[in-house]
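Descriptive structure summary
Letter by letter, the chains look like this.
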Amino acid sequence: MTSPAERALPANSPGESREGDFGCTVMDLRKLMELRSGDAIDQIHAHYGGVANLCSRLKTNPVEGLSGNPADLERRKQVFGQNLIPPKKPKTFLELVWEALQDVTLIILEIAAIISLVLSFYRPPGEENEQCGLAVSTPEDEGEAEAGWIEGAAILFSVIIVVLVTAFNDWSKEKQFRGLQNRIEKEQKFSIIRNGHIIQLPVAEIVVGDIAQIKYGDLLPADGILIQGNDLKIDESSLTGESDHVKKSLERDPMLLSGTHVMEGSGRMVVTAVGVNSQTGIIFTLLGASEGEEQEKKKKAKTQDGVALEIQPLNSQEGMDNEEKEKKAAKLPKKEKSVLQGKLTRLAVQIGKAGLIMSAITVLILILYFVIDNFVIQRKPWLAECTPIYIQYFVKFFIIGVTVLVVAVPEGLPLAVTISLAYSVKKMMKDNNLVRHLDACETMGNATAICSDKTGTLTMNRMTVIQAYIGDTHYHQIPSPDVLVPKILDLVVNSISINSAYTSKILPPEKEGGLPRQVGNKTECALLGFVTDLKQDYHAVRSEVPEEKLYKVYTFNSARKSMSTVVEKPGGYRMYSKGASEILLRKCNRILDKKGEAVPFKNKDRDEMVRTVIEPMASDGLRTICIAYRDFSDVEPPWDNENEILTELTCIAVVGIEDPVRPEVPEAIAKCKRAGITVRMVTGDNINTARAIATKCGILTPGDDFLCLEGKEFNRLIRNEKGEVEQEKLDKIWPKLRVLARSSPTDKHTLVKGIIDSTVGEQRQVVAVTGDGTNDGPALKKADVGFAMGIAGTDVAKEASDIILTDDNFTSIVKAVMWGRNVYDSISKFLQFQLTVNVVAVIVAFTGACITQDSPLKAVQMLWVNLIMDTFASLALATEPPTDALLRRRPYGRNKPLISRTMMKNILGHAVYQLVVIFALVFAGEKFFDIDSGRKAPLHSPPSQHYTIVFNTFVLMQLFNEINSRKIHGERNVFAGIFHNLIFCSVVVGTFVCQIFIVEFGGKPFSCTRLTLSQWFWCLFIGIGELLWGQVISTIPTQSLKFLKEAGHGTAKEEITKDAEGLDEIDHAEMELRRGQILWFRGLNRIQTQIDVINTFQTGASFKGVLKRQTAGQHLDVKHVPSSSYVTVAPVRSPPTTSVAAAVSSPTLGNQSGQSVP
């Protein structure tokens, strides 16, 4: 369809490359791309004189493309911009520090520390007063009193450390995530024609003037204008919201926009706008418009789909909801909180509440004890000059209370999750899993079902023709060309060469003696390989009939299951078709015989052929493809009426294509079965082929009672008379279904949705799905985890997926399962460890404070414990590498609690050991070690050896318990594989070294004093006792401990009420808030009603008036607002006396008390 004039254009002659002399500017092109269909065509013709002239203005050749001269490309980038949309600025380290400082417990600590600091510098006049004589005991402690500031400073210092560590973790997570995004973006390449060659170019390298080759499944990377197209249909819903596919053609609508999906057909376009100047870029620029404009925007009326929201009452709940929704929609794709996050948030909140109560009680008891002891028992008067000293005591008590809270709150939990997920994602890259959504990684660990494609995932996607049926003969090997009649040979070669995408080709092998490389559609490559095996050259045919000469192309799609190309020939048209054999043979009414003559082909002949040719091929695991043609007279037929065109074909040949099973797949599927995961194969292939391959893979094993269904049969079994899917019918089928053949993408989606929504079995199924085609998008989105193929997958599939398999291999999915389970286990290990520390530290601080008026573990010490136990331990335990043992157990399921009964046994068991040891040391340690007691020390007394030993023993016990925590299923050998995890070893050794420094040189800030060697050995010995005690605990069978409860459950189905449906994230705090609002509205309403009644009586209105109003309230118009869980209740006749908004927000009707609603 190109005129000779176009071809004569030089590719880019160097003489033309003077600065900026393109025949149009960026703004011209931007304006042009904003037009649609008719307007655009008029503008192109009026302003540019047609697409060909536009190309010459952009100095490009519609056939050869740009020359690829670097200077020219650079100039184009300068004039028209690069194909990049600049990302939003990442948060700076200081911003992250500021965010980390917002933590409530840290703020409380900072305030307490500052008060403590200020008071320590304040020397009150009553200092020497005997009456307040609690402060300092002996003259030599005077120096210590001077050092009172150290504790406040040390707390502040620890807070700074905690904040920096948190900020650094956030920063590295952000950096990793950006790296991941960049990698995903770099992976996206596009077919561009340069210098007459089709090359795969990274999307960022595309410039204005490039000629792009577009085909089914592409996500367009830039705006452009169509030069040549075959049957092109585009899904523009991402820009316009219209779900109908838009037909594109030179005559009707040649405008192609970035970010839209090619749903059918193929073609070429000239790129006219890239990056921020493309339509998607313009939208992104508007979304990321500077923050300053945000305020102004809010003042203007927000428009939604072009309708101003001002029509709605300003404060109506609906208006608010829409605004909220808009804001959220702009920010994030909708995703529920992941299962794990949900469980952890609930657990952290529960622990936090308990900690808060404990710390409040601790402070209360300390203050009460102090007051009662001093002013009631010892009967001291409260002297004004002593007040500052008393306040110092109160601050000290307050700090102890806050410290209890700090230790109780497991702020390491979110950190552990982040580290574990980030670490897994990084490692999964090496296992060919490119994770796009972090939570997919953990969901994979719960997977109970995998619905996999066949081609390319279970098989190698290296297709070769092995058998053929040509001219009444079934050849079990490829025939030599001499055997075939020239007429038939000619038809076979032409049909295959012309009726396949010109982007599919066979290139010479990269290495000597290797297999030829297949580029493009693998089935087409197999057929082209067949032509080469017949010693023919498909290039010659293609150069004779270039793409421009093709008259009409019906591209392959899942509904047609065939592809046809029409070419003009003397005296009319010829259409070549190829497609699934059983479908195409139904449309054939003749077949070529041995001599190449077309003979009638009746139904009985077809059944005979299916029985003798197609079924034997299929049961060998071959895909059967039929090649046919049809001639038309010179009267042009109605090309748009496909059913009429695709009939009365003449069958040329049927070929059997082999796609061998990947050698590693059977082992991977066996692993899945052991791990309690059901693998189902969903394929578009013939049922016999599918069954043969499923048996080779091990999805079907001989003698099993399983179902293999075809798409049609599957639909007949699950739909009712109206054609609707019935869940009960589906529930009877899916548990046994293993192979779904001849299935459409809709069938895949129905199956996935059915399995996920099913209530059969005690657990809800967690389904992973693989997909590569554009139409797999819905199934990939619906699945819990969608895997897209990195090599064969279309951009649309990758967009919809959670994980991209960079090697298209099924074994990578099994690795993803292993990593997913490992994340879960890492979190559980950390939890087991963390909760033991929390339980012990809180109880010690609490009882110590109540009995001895001073926590045995000081604030700074607690912070150190908190730091090592939270931050370093989460690093150590969250980076445990996965082992094969993970695949030898069933999936946990969505509702399994985080803390199993075995873990609960370990937590309580170790807590008992540690508490016994600590209390023994606190109350009898001084006798055992023959040292001074540290109990009931005055305010600024120096650190005692007694309490240093308590602190040291406590830390060492935690250290050895960290090793115990590496196993959570009651295994005995806690050292198994410990040296495979260098991070763990270095954290344990590092913590131990720091502990030695703190005890020996920490001095006053850490409330420590030096210990002798024998004291150190005792501490170590008690610590190592943890390991021995761990063995004792694992001897006790969990079953015998009936009183143990599990904790950290997932949300039960019933609990996620309807309230949650409109929310983007199921946030329990938000739900509480909504319930509060509802009650508040009801309360308001009742008060309003009562005021009305009083008003009525006061104004002396008759009783009838009140009755009238009562009844008026009964006729309520209930108007359902679909987008949220509110019901707007508006009375039919609103009495004039009231002016309260008649919007009762309630999940049920607000009027439950039987009173009227004003």
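Residues numbered from 1 in each chain as written. Predicted model: local features only at pLDDT ≥ 70, side-chain atom pairs only at ≥ 80, totals over all residues. Heavy atoms only, no water.

Named according to an unreviewed UniProt entry, the chain is Calcium-transporting ATPase originating from Equus caballus. According to its UniProt record, the chain has this under Function (unreviewed entry): "Catalyzes the hydrolysis of ATP coupled with the transport of calcium." Per UniProt, the comment on the chain under Catalytic activity (unreviewed entry) is "Ca(2+)(in) + ATP + H2O = Ca(2+)(out) + ADP + phosphate + H(+)". (UniProt positions renumbered as here; feature names shortened; annotations may be inferred.)

1. As for the overall build of the chain
A count of helical and extended segments in the chain gives 38 helices and 30 strands. Residue burial in the chain is summarised as follows: out of 1158 residues, 52% are buried. Within the chain, contacts between residues at least 6 apart in sequence are counted, and of these 74% link residues at least 24 apart. Looking at the chain as shown, the accessible area adds up to about 53,200 Å², and 59% of this sits on carbon and sulfur atoms. (Helix = DSSP H or I, 4+ residues; strand = E, 2+ residues; numbered from the N terminus. Buried < 20%, exposed > 50% of the residue type's maximum accessible area, 1.4 Å probe, protein only. Contact = heavy atoms within 4.5 Å. Areas by Shrake-Rupley, 256 points an atom, 1.4 Å probe, with all protein chains shown as cover.)

2. Describing the pairing of strand β12 (residues 464–470)
Of all the 7 residues making up β12, 5 are buried; the element is thus mostly covered by neighbouring parts of the structure. Of the strand pairs in this sheet, β12 and strand β22 (residues 649–658) are connected by 6 bridges, and their pairing is antiparallel. Paired with Gln467 across the bridge in β22 is Gly656. Note that β12 and strand β13 (residues 473–475) share 3 bridges and pair antiparallel. The residue bridging Ala468 from the neighbouring strand is Tyr475, located in β13. In this structure, the hairpin formed by β12 and β13 is closed by a connection of 2 residues, where Gly471 is found at a positive phi of approximately 50°. (Pairing = 2+ DSSP bridges.)

3. Some points on the sheet that holds strand β28 (residues 803–805)
What the 8 strands build is an open sheet, ordered β10-β28-β27-β26-β11-β23-β25-β24; its pairing is mixed. The open sheet terminates on both sides in strands that have one partner only, identified here as β10 (433–435) and β24 (707–710). Neighbour to neighbour, the strand axes of the sheet diverge by 20° on average, direction disregarded. With 3 bridges connecting them, β10 and β28 associate as antiparallel partners. Within β28, the residue paired with Leu434 across the bridge is Ile804. (Axes fitted to C-alpha atoms, helices over the stretch in contact; angles between N-to-C directions.)

4. Things to note about the nonpolar core
By size, the foremost hydrophobic cluster in this structure holds 116 residues, and its most contacted members are Met444, Phe787, Phe810 and Ile899. Residues contacting Phe810, with those up to four places away along its chain left out, are Ile450, Ser452, Thr457, Leu458, Val665, Ala668, Ile669, Cys672 and Val679. The next biggest cluster of nonpolar side chains, apart from the first, holds 39 residues, and it includes Ala40, Ala212, Val262 and Ala273. (Core = buried A, V, L, I, M, F, W, Y, C linked by side-chain atoms within 4.5 Å.)

5. Comments concerning a nonpolar patch on the surface
A contiguous nonpolar surface patch, about 450 Å² in accessible area, is contributed by Phe93, Ile160, Leu164, Phe168 and Trp171. No other element matches helix α9 (residues 149–187), which puts 4 residues into the nonpolar patch. The residue Leu164 is located in helix α9 in this model. Leu164 gets classed as partly exposed once you look at its relative accessible area, which sits at 38%. (Patch = residues over 30% accessible without salt bridge, like charges linked within 9 Å, V, L, I, M, F, W, Y side chains within 5 Å. Salt bridge = Lys/Arg side-chain N within 4 Å of Asp/Glu carboxyl O.)

6. Looking at the UniProt feature "transmembrane region" (unreviewed entry) in the chain
Under the UniProt annotation, "transmembrane region" (unreviewed entry) lies at residues 356–377, 397–423, 830–851, 907–924, 944–961, 982–1003 and 1015–1036. Helix makes up 100% of residues 356–377 and strand 0%. Its end C-alpha atoms lie 30 Å apart. With 100% helix and 0% strand, the stretch residues 907–924 has end C-alpha atoms that lie 25 Å from each other.

7. Observations regarding helix α35 (residues 982–1001)
With 20 residues, α35 should cover 28 Å at 1.5 Å per step; its first-to-last C-alpha distance of 28 Å lies within 8% of that length. Residues Phe984, Cys985, Val987, Val988, Thr991, Gln995, Ile998, Val999 and Glu1000 constitute the buried set of α35. Of the residues trailing α35, Gly1003 is marked for its positive phi of about 55°. (Expected span 1.5 Å × (residues − 1).)

8. Some thoughts on empty space enclosed by the protein
One pass over the full model with this rule turns up 8 cavities of 30 Å³ or more. What lines the largest cavity is a set of 14 residues, among which Asn906, Asn964, Glu971, Gly1030 and Ser1034 lie closest to the centre. Every element with two or more residues in the lining of the largest cavity is listed here: α33 (901–929) and α36 (1013–1035). Of all the elements, α33 adds the most residues to the lining of the largest cavity, at 4 residues. (1 Å grid on protein atoms, 1.4 Å probe; cavity = no way out; pocket = protein on both sides within 12 Å on 5 of 7 lines; lining within 4 Å. Points joined across faces, edges and corners; volume = space filled by probe spheres on them.)

9. Points about α36
With 23 residues, α36 ought to run about 33 Å at 1.5 Å a step, and its terminal C-alpha atoms sit 34 Å apart, in line with that. Roughly 25° is the biggest bend found in α36, and it falls at Leu1027. Restricting attention to buried positions, one finds in α36 the residues Gln1015, Trp1016, Cys1019, Ile1022, Gly1023, Gly1025, Glu1026, Leu1027, Gly1030 and Ile1033. (Bend = angle between axes of the 7 residues up to and from the residue.)

10. Concerning the packing of aromatic side chains
Going through the model one piece at a time under the given rule, you end up with 15 aromatic pairs. Where Phe928 meets Trp1018, the ring centres are 5.1 Å apart and the plane angle is 85°; that geometry is what we call edge-to-face. Of the two residues, Phe928 sits in helix α33 while Trp1018 sits in helix α36, which places them 90 residues apart along the sequence. Judged by relative accessible area, which is 52%, Phe928 ranks as exposed. The partly exposed category is assigned to Trp1018, whose relative accessible area is 38%. Note on Phe997 and Phe1001: the rings are 5.7 Å apart at their centroids and 40° apart in plane angle, and the pair reads as tilted. One end of the pair is Phe997 and the other is Phe1001, both in helix α35 and 4 residues apart, which spans about a single turn. Within the aromatic cluster, the residues linked to one another by ring pairs are Tyr551, Tyr573, Phe632 and Trp639. Its guanidinium or amino end placed over the ring of Phe706, Arg738 lies 4.0 Å from that ring's centre, counting from NZ or CZ. The ring of Phe984 carries Arg966 above its face, with NZ or CZ at 5.5 Å from the centroid. (Phe/Tyr/Trp six-rings, centres within 6.5 Å; stacked < 30°, edge-to-face > 60°. Lys NZ or Arg CZ within 6 Å of the ring centre and 35° of its normal.)

11. A look at the state of the cysteines
Evaluation of the coordinates by the stated rule reveals 0 disulfides. The thiol of Cys651 is not disulfide-bonded; the next cysteine sulfur, from Cys626, is found 4.0 Å away. Given the relative accessible area of 1%, Cys651 is considered buried. (Disulfide = S-S within 2.5 Å.)

12. So, the packing of α33 against α36
Contact geometry for α33 and α36: axes closest at 10 Å, N-to-C directions at 150°. When the interaxial angle is binned, α33 and α36 end up roughly antiparallel. For the element pair α33 and α36, the recorded crossing hand is right-handed. Packed against α33, whose contacting residues are Lys905, Asn906, Gly909, His910, Tyr913, Gln914, Val917, Phe928 and Phe929, the element α36 presents Gln1015, Trp1018, Ile1022, Gly1025, Glu1026, Trp1029, Gly1030, Ile1033 and Ser1034 at the interface. Here the contact of α33 with α36 is built from residues that sort into 8 nonpolar, 8 polar and 2 charged. (Parallel < 35°, antiparallel > 145°, perpendicular 65-115°, else oblique. Left-handed = near helix turned anticlockwise from the far one by under 90°. Nonpolar A, V, L, I, M, F, W, Y, C, P; charged D, E, K, R; others polar.)

13. Details of unusual backbone geometry
Look at Lys535: it is not a glycine, yet its phi comes out positive at around 60°. For Lys535, the location among the structural elements is in the loop between α19 (522–533) and α20 (538–544). Lys535 gets classed as exposed once you look at its relative accessible area, which sits at 67%. Here Glu648, not a glycine, exhibits a phi torsion of approximately 50°, which is positive.

14. Notes on the packing of helix α18 (residues 486–498) against α19
It is at 10 Å that the axes of α18 and α19 come closest, and there the two elements cross at 145°. Two packed elements cross with a definite hand, and for α18 against α19 that hand is left-handed. For the pair α18 and α19, the contacting residues are Val492, Val493, Ile496 and Ser497 in the first and Leu527, Leu528, Phe530 and Val531 in the second. Here the residues of the contact of α18 with α19 sort into 7 nonpolar, 1 polar and no charged.

15. Points about the pattern of salt bridges
For the structure on display, the rule yields 23 salt bridges. We note a salt bridge from Lys736 to Asp705, for which the minimum N-O separation is 2.6 Å. One end of the pair, Lys736, is in the loop between α27 (727–733) and β25 (737–741); the other, Asp705, is in the loop between α25 (687–697) and β24, and 31 residues separate them in sequence. Taking relative accessible area as the criterion, Lys736 reaches 37% and is therefore assigned partly exposed.

16. Some remarks on the side chain of Thr555
Tracing the chain through its elements places Thr555 in the loop between β16 (552–554) and β17 (562–569). On the basis of relative accessible area, Thr555 is assigned to the buried category, the value being 8%. Here the side chain of Thr555 touches Gly265 through a polar contact of 2.9 Å, landing on its backbone nitrogen. Sequence-distant contacts of Thr555, defined by excluding residues within four places in its chain, comprise Asn230, Asp231, Glu264, Gly265, Ser266, Arg560, Ser562 and Met563. (Polar contact = N/O pair within 3.5 Å; in protein donor to acceptor, adjacent residues only side chain to side chain.)

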